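Structural overview
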Amino acid sequence: MIINRSFIYRIYLTKKQKENFRKIFEKNVFLFNLLLKIRKKQMNNENYENIFIKDLVKEYKELSNGNLLAYISTYHNVDIIIKKYKNGYINGFPKDKNIDKYPKKLHFNIKTTFYLNENKTRIFISKIGNFKIRYHRKIPNNSYIRNIIIEEKLDNEFYLNIGISENHIKTDTEVKKLVGLDYSSTSLFVTSDNERGDQYLVREFLTNKIVNIQKKMQNCVLNSKNYLKLKHKLRKLHQKIANKREFYLHRACNDLLIKFDLIATETLSLTNIASHHKLGKHTYSNAYNKFLSFLNYKSILNDKIFIKIPQFYPSTKICSNCGKIKKIMYLDDRMYQCECGFICNRDLNAAINIRNKGLDIFHNNIKKDKIKAFNCIWQNNNVGKRRLKM
């Protein structure tokens, strides 16, 4: 089984490397915006032709003395974005990139190799260059590099993102403990064992500082020195909040995977939940989709089972005691009351139903795998008998 992962490291560039990075980034932004304009004209005229980068480099002076590998990767990225737009995954035609906005990224979609020095303080990447690095995580040996991203998150803060493909040998796990997770805007999730994820939330962290800086920015002249200083401080605060949120999401995933062998969750469209005037801020600050993506890849690495329930499964309307389905259930109804006399918390009842449905899906998949294996054995035996008759 092949797993795609990414390893992010802090790198420290010299003055020349920083200047080269910013020059190449500006040229890539120009190429990205140029390719979008060309593709838009082609879509209007219904003539979708291939674009040759070497011809564009000859035509435009802004693309001279650039990195060809970075140009090829931007070309592929534009094609991917336009395919998403055509298939309806993006609302409206993609917008042009802005040079001044962070994070600034350079993509290299190539298969390369790397090696470290003896002290593991410098990394040497073929076809790209060498950088001073803080190497805190080991990349597995049975893997190869898919792509590399050099990123400037803040002013003079550079990171190296190494995307790898790893061959993972999956082992069969015995399901002894299982749990269902129901999404809660006030406490991230509620488990089927009536445990809440309040301890993993990041709320009201550095909010007073952010409000004070925003008030000062209102009194400053736009793009003045003081305005840009305050903007840099504001970016740093938001980055701290994002780092802390990711830390607690990783911690929540690790705690769940240590306790349980099977984890079942519901599939939600968080945009519909965020459109509610009271729940928008909490849904975006919880980062529940990121939490599910962490759970997904960590469960594969730890040989645990992660199951997503179908989107339109009525987990909140079903009674976990008798199985009856309520026709109407409002958001204000925080307690579930059934005709059979069962009274339970709404989120707890939904979590129990999610757990039961996840177990059913798991058993059905096992039966399908056994039938497939039996069919393969039967076909092989029949082929052997036919050959003997021949």
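Note that residues are indexed from 1 along each chain, following the sequence as it is written. In view of the model being predicted, local features appear only for residues whose pLDDT reaches at least 70, and side-chain atom pairs are presented and counted only at 80 or more, with totals across whole chains, interfaces and linings using the full set of residues. Values reported for side chains reflect all heavy atoms of the structure, with hydrogen atoms and water molecules removed beforehand.

Note on ring pairs: Phe, Tyr and Trp rings are taken, using the six-membered ring of Trp, and paired if centres are within 6.5 Å. Classes follow the plane angle, with under 30 degrees stacked, over 60 edge-to-face and the rest tilted. All chains considered together, the criterion is met by twelve aromatic pairs. The interplanar angle of 70 degrees and the centroid separation of 5.8 Å between the aromatic rings of phenylalanine 30 and tyrosine 60 together place this pair among those described as edge-to-face. Of the two residues, phenylalanine 30 sits in helix α1 (residues 15-45) while tyrosine 60 sits in the loop between α2 (53-59) and α3 (68-86), which places them 30 residues apart along the sequence. Where tyrosine 85 meets phenylalanine 93, the ring centres are 5.3 Å apart and the plane angle is 80 degrees; that geometry is what we call edge-to-face. Overall, the relative accessible area of 26% leaves tyrosine 85 in the partly exposed class. Whether a residue is buried, partly exposed or exposed follows from its accessible area with a 1.4 Å probe, protein chains only, as a fraction of its type maximum: under 20%, in between, or over 50%, in that order. Note on phenylalanine 93: relative accessible area 22%, which makes it partly exposed. Strands here mean DSSP runs of E at least two residues long; helices mean DSSP runs of H or I at least four residues long; both are numbered from the N terminus.

It is worth spelling out unusual backbone geometry at this point. Keep in mind that most residues, glycine aside, have a negative phi and that most peptide bonds are trans. Residue proline 103 is bonded to the preceding tyrosine 102 through a cis peptide linkage, with omega at -5 degrees. As for its position among the elements, proline 103 is in the loop between α3 and β2 (104-108).

To continue, consider the sheet that holds strand β6 (residues 143-154). One open sheet holds the seven strands; their spatial order is β2-β6-β7-β1-β5-β4-β3, and the pairing between them is antiparallel. Single-partner strands in this sheet number two, and they are β2 and β3 (114-116). Within this sheet the neighbouring strands show an average axis-to-axis angle of 35 degrees, counted without direction. The pairing of β6 with strand β7 (residues 157-167) spans ten bridges and is classified as antiparallel. Residue pairing in the sheet places tyrosine 144 in a bridge with serine 165 of β7. By definition, residues are in contact when any of their heavy atoms lie within 4.5 Å. Axis definition: a line fit to C-alpha positions, over the contact stretch in the case of helices; interaxial angles, taken between N-to-C directions, run 0 to 180 degrees. Against the sheet, α1 engages β1 (2-12), β2, β5 (129-134), β6 and β7, with an angle of about 80 degrees to β2. Here the rule is simple: two strands pair whenever DSSP picks up at least two bridges between them.

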